Amino acid sequence: MKSDAVYAPSDDIVARNIEGELIIVPLAAGVGDMEDELFTLNETGRAIWDELDGKKTITEIVQNLSVEYDGEEGEIEADVIGIAAELLKRRMIVAVT
Amino acid sequence: MTESHISYTPLPDLPLWERMKSKRGLISFDLEVTARCTNNCRHCYINLHADDSAARQRELSLEEIKKIAEEAVSMGALWCLITGGEPLLRDDFFDLFLSLKKMGLLVSVFTNATLITKEHVRFFKQYPPRDIEITVYGVTQQTYETITRKPGSFAAFMQGLSLLFDAGVKVKLKSMALRSNLHELNDISLFCREKTNSRFRFDPFLHARIDRHRKRNDDINAERLTPDEIVEIERSDKERFKALEKKCENLDTLNPAMPGDNHIFSCGAGQNSFSLSHNGRFRLCASLNHPDCTYDLNKGSLADAWNNFVPKVRDMRSKNRDFLSTCRICPLINLCTWCPAHAFLETGELDTPVADFCRTAHARADTCKY
């Protein structure tokens, strides 16, 4: 994953915020790979999700979150890349060109 | 930052459910999008003729349904069921289904499968429903069409099933246990288990007509099994009987009524879900059609129905001593089909005991040696 890459939520999912919980509901086939389970993000995951807006690069997201959260920038970068990679693998986000 | 930020959670285990239940949050709703059906089943509590133009005119439009669903979603609802009648009779079924999915709802569909085409299958492959539930009335033309009273329906049903299964669309099968298919119930069970590789679900408890149509209720009564027959088929299904025995172990704790409590409702109706009738009536559950217990969403809002109307209905009280001294405090209530909604359909009153239901509940308790 390149640090200047930009990602946005896929059109094949709908992200729902219910009672403070972010739930990703598959819309089209092939998103997520488990039939009777739902993809949820905790507070940190959600903070990263909110930054994946189709405008900011990975580097910019890490910088933003480093201001907001305590922790080493390297750790935060690992979190952002980790979660973005998993979301991308599951087709929940797409690269913006 | 913490280590684990994302997880797949099995649907029944979402922590969200407990939070929603504790605050009477809206989790799910049923959309009865039509009362019309291609079949004319002997036991059906709702069906009207597929070509019934008056019934069709009463149906909510796509835009009206979408508006109500959007409001439900804004209140937190995550799951919805499209049911009928036969929902595939609606010309706008695809638009309706996709609109609900795009709102972020998990969408289930109840259908008799007789109208399933390759186009439906392609659509469901592209936009998977949470599940499609289909009732197997019989596994022979004779039995199936004795129940549906529609020549050609068995072939259409089998073709629809094949299209769905061949394409790998997620389907759940179930059956009704009726006088007309009792002789075939074992074969229906085998058919369902083979097709879906899951336990056999069947329902021997028939609802009376929601329009309280006398002739149609006679048909339903003729299809009802006796308490002994119900117990016998439940005993013959190991998984079902085990579940029944477990239920019997907890009966003493399941009726929350306190001495002197004269509330009519003690069930979960309207607690986390609602049902929308084809003509726009909000109901606490699909069976509850007493005029004092439905709210016209053509004239009001879902928020008003949910926040103001439901608590009033659930606070209704009974003065019927017969009810207060029997069903209201009966430890067998959870083995019984009795509820205010069914009591109304059977007797015209929300708080009248129903002798046939009572006999069946006692037969079920006896068989578990409760």
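Residues numbered from 1 in each chain as written. Chains lettered and ligands numbered in written order. Predicted model: local features only at pLDDT ≥ 70, side-chain atom pairs only at ≥ 80, totals over all residues.

**So, the overall build of chain B**
Point 1. Of the regular secondary structure elements, chain B holds 16 helices and 12 strands.
Point 2. Each of the three principal axes of chain B carries a C-alpha extent, and together these read 55 × 55 × 55 Å.
Point 3. Residue burial in chain B is summarised as follows: out of 370 residues, 42% are buried.
Point 4. Of the contacts made within chain B by residues no fewer than 6 positions apart, 71% connect residues no fewer than 24 positions apart. (Helix = DSSP H or I, 4+ residues; strand = E, 2+ residues; numbered from the N terminus. Buried ≥ 20, exposed ≤ 12 C-beta atoms within 10 Å, placed from the backbone. Contact = placed C-beta atoms within 7 Å.)

**Digging into the environment of A:Glu21**
Point 1. Here A:Glu21 lies in strand 3 (residues 21-26).
Point 2. Each C-alpha atom of the pair A:Glu21 and A:Asn42 lies 7.2 Å from the other, and the pair is 21 residues apart in sequence.
Point 3. Not counting chain neighbours up to four residues away, the residues in contact with A:Glu21 comprise A:Thr40 and B:Leu16.

**Overview of the nonpolar core**
Point 1. One finds A:Val80, B:Ala77, B:Cys80 and B:Leu105 to be the most contacted residues of the largest nonpolar core, which totals 119 residues.
Point 2. Looking at which domains feed residues into this core, each of domain 1 (13-225 + 269-316) and domain 2 (226-264 + 318-370) of chain B gives three or more. (Core = buried A, V, L, I, M, F, W, Y, C linked by C-beta atoms within 7 Å. Domains from an automatic or database assignment.)

**Focus on the confidence of the model for chain B**
Point 1. Averaged over all residues, the pLDDT of chain B equals 94, while 97% of them reach at least 70.
Point 2. If you check the scores for this complex, the pTM reads 0.94 and the ipTM reads 0.91. (pLDDT = per-residue confidence, 0-100.)

**Notes on the interface of chain A and chain B**
Point 1. Between chain A and chain B, the contact holds 28 residues from the first and 24 residues from the second.
Point 2. Elements represented by at least two residues in the side of chain A that touches chain B include exactly strand 2 (13-18), strand 3, strand 4 (37-41), helix 1 (43-51) and helix 3 (73-89) of chain A.
Point 3. Looking at the side of chain A that touches chain B residue by residue, the class counts come to 14 nonpolar, 5 polar and 9 charged.
Point 4. Across 5 bridges, strand 4 of chain A lies against strand 1 (residues 6-10) of chain B in antiparallel orientation. Its bridge partner being in strand 1 of chain B, A:Glu37 is matched across the sheet by B:Pro10. (Nonpolar A, V, L, I, M, F, W, Y, C, P; charged D, E, K, R; others polar. Pairing = 2+ DSSP bridges.)

**Some remarks on the packing of helix 5 (residues 118-126) of chain B against helix 7 (residues 153-167) of chain B**
All names here are of chain B.
Point 1. As a packed pair, helix 5 and helix 7 sit with axes 10 Å apart at the nearest point and diverge in direction by 30°. In this structure, helix 5 meets helix 7 at a crossing whose hand is right-handed. Of helix 7, the residues touching helix 5 (which contributes Lys 118, Val 121 and Lys 125) are Leu 163, Leu 164 and Ala 167.
Point 2. Across the contact of helix 5 with helix 7, the residue classes tally to 4 nonpolar, no polar and 2 charged. (Axes fitted to C-alpha atoms, helices over the stretch in contact; angles between N-to-C directions. Left-handed = near helix turned anticlockwise from the far one by under 90°.)

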